[in-house]
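# Results of the structural survey
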Amino acid sequence: MASSSSSAVTSISLPSLPLVATGKVRELYRISDSTLLMAVTDRISAFDVVLDTGIPDKGAILCQISAHWFRVLSDKVPELKHHLVSLQPPASPEVITRDEASVLRGRCLQVRSLKIFPIEVIVRGYITGSAWAEYQKTGTVHGLPQPEGLKCCSRFPGGPIYTPSTKAPAGESDVNISPAEARAIVGSTYADRIESLALRLYSAAHEYALERGIILADTKFEFGLDEDTGDIVLADEVLTPDSSRFWPAPVREGEEQPSFDKQFVRKYLIDNGLKGKEGVSLPDDVVRETTSKYREVFERLTGRSLDQALAALD
Ligand code: ATP
Ligand code: MG
């Protein structure tokens, strides 16, 4: 029977496969020279720290939202290349055990192994977060001059802007950089193509989300290089609540917007003086409310429940 679990999966250990990397949320395993397995846990981070408590079903939600967007974006941008190979775990019991396959159900992506460009490809349609903080001080966003008079959460009047950041090693924070600095990192052969593809993907996703009553304020993409063809390939997670800011439409300019993801977690941490602290557990009501926010954004964006999406995998 296909249904989602009620306890959180905070680590995914697969003794059958070599572990390539552990991130804040994902474990990356190698299946073959050309294919990796991204196993998505229920871990949640806030203010750059992973909390001790996981959010039940979050990993499956992130995984299935990404899969949904790979389909939607491929329809809207036909020349798009992406890394998703399969939503199924590798064959069991040939490659992994049946127990490993059962842990992975709904929360894994088999992807093409790529050389990832070492920048975070961020596109912003609305001014908030670190961009708003910079603008208030200097009138710029990632060093790019902006028109006067923008309010908190205003839409950028000239359209979405490309605002990359460095990809910091674990434990360090990413640093906002200008497109020119990103060009120096990725090289001029790829810089313009990455920027124009990211802007197209953002606009396509913004339009799609808005039709569903959701504003995609900003998002972070990662791209890799297909060294055989020279193609730039969309990788990692895509347009999830962890990599994006989703707001309920319409925007109320001049004030912070309620977001569809970690608002209960962040509020709990701030209200209890726990912001940025290690080893923090969340109370049950905060966990429940957060799961329900992730489920809500999943349903609004994909038009089906998580259980329906998981049942379609069987
Ligand atoms: P965080 O997202 O929490 O800042 P993180 O990005 O280091 O941390 P995760 O998102 O948990 O970690 O793990 C995903 C990792 O897999 C990232 O390092 C990402 O660059 C990498 N990755 C994604 N897609 C591919 C791919 N197709 N080939 C190789 N590496 C990939
Ligand atoms: Mg990541």
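What you see is a predicted model, and the numbers here were worked out from it, not measured in a lab.

## Observations concerning the overall build of the protein chain
If you tally the helices and strands in the protein chain, you get eight helices and 16 strands. Here the C-alpha radius of gyration of the protein chain, 19 Å, is about what a compact globule of 314 residues would show, namely 20 Å. Per-residue burial for the protein chain yields a buried fraction of 50% across its 314 residues. Taking contacts inside the protein chain between residues at least 6 apart in sequence as the whole, the part at least 24 apart equals 65%. Within the structure as shown, the protein chain displays about 14100 Å² of accessible surface, and the carbon and sulfur contribution to it stands at 50%.

## Re the sheet that holds strand 1 (residues 19-22)
On the basis of which strands lie adjacent, the open sheet formed by five strands has the order 1-2-3-7-6 and antiparallel pairing. The open sheet has two free edges, formed respectively by strand 1 and strand 6 (84-86), since each of these has just one partner strand. Here the average twist between neighbouring strands, direction ignored, is 30°. Here three bridges tie strand 1 to strand 2 (residues 26-30), and the two strands are oriented antiparallel to one another. By the bridge assignment, T22 is partnered in strand 2 with E27. Contacting strand 3 (35-40), strand 6 and strand 7 (108-112), helix 1 (residues 58-76) crosses the sheet at an angle of about 130° to strand 3.

## Description of the UniProt feature "domain: SAICAR synthetase/ADE2 N-terminal" (unreviewed entry) in the protein chain
In this numbering, the UniProt entry assigns the feature "domain: SAICAR synthetase/ADE2 N-terminal" (unreviewed entry) to residues 20-279. Split by type, residues 20-279 is 29% helix and 24% strand. Its first and last C-alpha atoms lie 25 Å apart.

## Focus: the nonpolar core
W69, L73, L201, F221, F223 and L234 are the most contacted members of the largest nonpolar core, which totals 81 residues. Mapping this core onto the domain boundaries places at least three of its residues in each of domain 1 (10-113) and domain 2 (116-248). Leave out the neighbours within four places in its chain, and F221 touches E120, V121, V123, A198, L201, Y202, L234, V238 and L239.

## Comments concerning the state of the cysteines
In total, this model carries zero disulfides according to the counting rule given. Here C108 is not cross-linked by a disulfide; its sulfur's nearest cysteine counterpart is in C63, at 6.1 Å. Given a relative accessible area of 0%, C108 falls into the buried group. Unpaired in terms of disulfides, C152 finds its nearest cysteine sulfur in C153, a separation of 3.6 Å. C152 gets classed as buried once you look at its relative accessible area, which sits at 7%.

## Some thoughts on the packing of aromatic side chains
In this structure the tally under the stated criterion is five aromatic pairs. Look at W69 and Y208: their rings are 5.2 Å apart centre to centre, the planes differ by 65°, and that puts the pair in the edge-to-face class. With a gap of 139 residues between them, W69 in helix 1 and Y208 in helix 5 (residues 188-210) connect regions that are remote in the sequence. With respect to burial, W69 and Y208 carry one shared label: buried. With 5.2 Å between their ring centres and 55° between their planes, F117 and Y190 make a pair best called tilted. On the criterion of sequence distance, the pair formed by F117 in the loop between strand 8 (115-116) and strand 9 (119-124) and Y190 in helix 5 is long-range, its members being 73 residues apart. The class for F117 is buried, based on a relative accessible area of 7%. Across the ring face of Y208, the terminal group of R212 is positioned such that the distance to the ring centre comes to 3.6 Å.

Thresholds, definitions, all that
- Residues numbered from 1 in each chain as written.
- Chains lettered and ligands numbered in written order.
- Predicted model: local features only at pLDDT ≥ 70, side-chain atom pairs only at ≥ 80, totals over all residues.
- Heavy atoms only, no water.
- Helix = DSSP H or I, 4+ residues; strand = E, 2+ residues; numbered from the N terminus.
- Rg over C-alpha atoms; globule rule 2.2 N^0.38 Å.
- Buried < 20%, exposed > 50% of the residue type's maximum accessible area, 1.4 Å probe, protein only.
- Contact = heavy atoms within 4.5 Å.
- Areas by Shrake-Rupley, 256 points an atom, 1.4 Å probe, with all protein chains shown as cover.
- Pairing = 2+ DSSP bridges.
- Axes fitted to C-alpha atoms, helices over the stretch in contact; angles between N-to-C directions.
- UniProt positions renumbered as here; feature names shortened; annotations may be inferred.
- Core = buried A, V, L, I, M, F, W, Y, C linked by side-chain atoms within 4.5 Å.
- Domains from an automatic or database assignment.
- Disulfide = S-S within 2.5 Å.
- Phe/Tyr/Trp six-rings, centres within 6.5 Å; stacked < 30°, edge-to-face > 60°.
- Lys NZ or Arg CZ within 6 Å of the ring centre and 35° of its normal.

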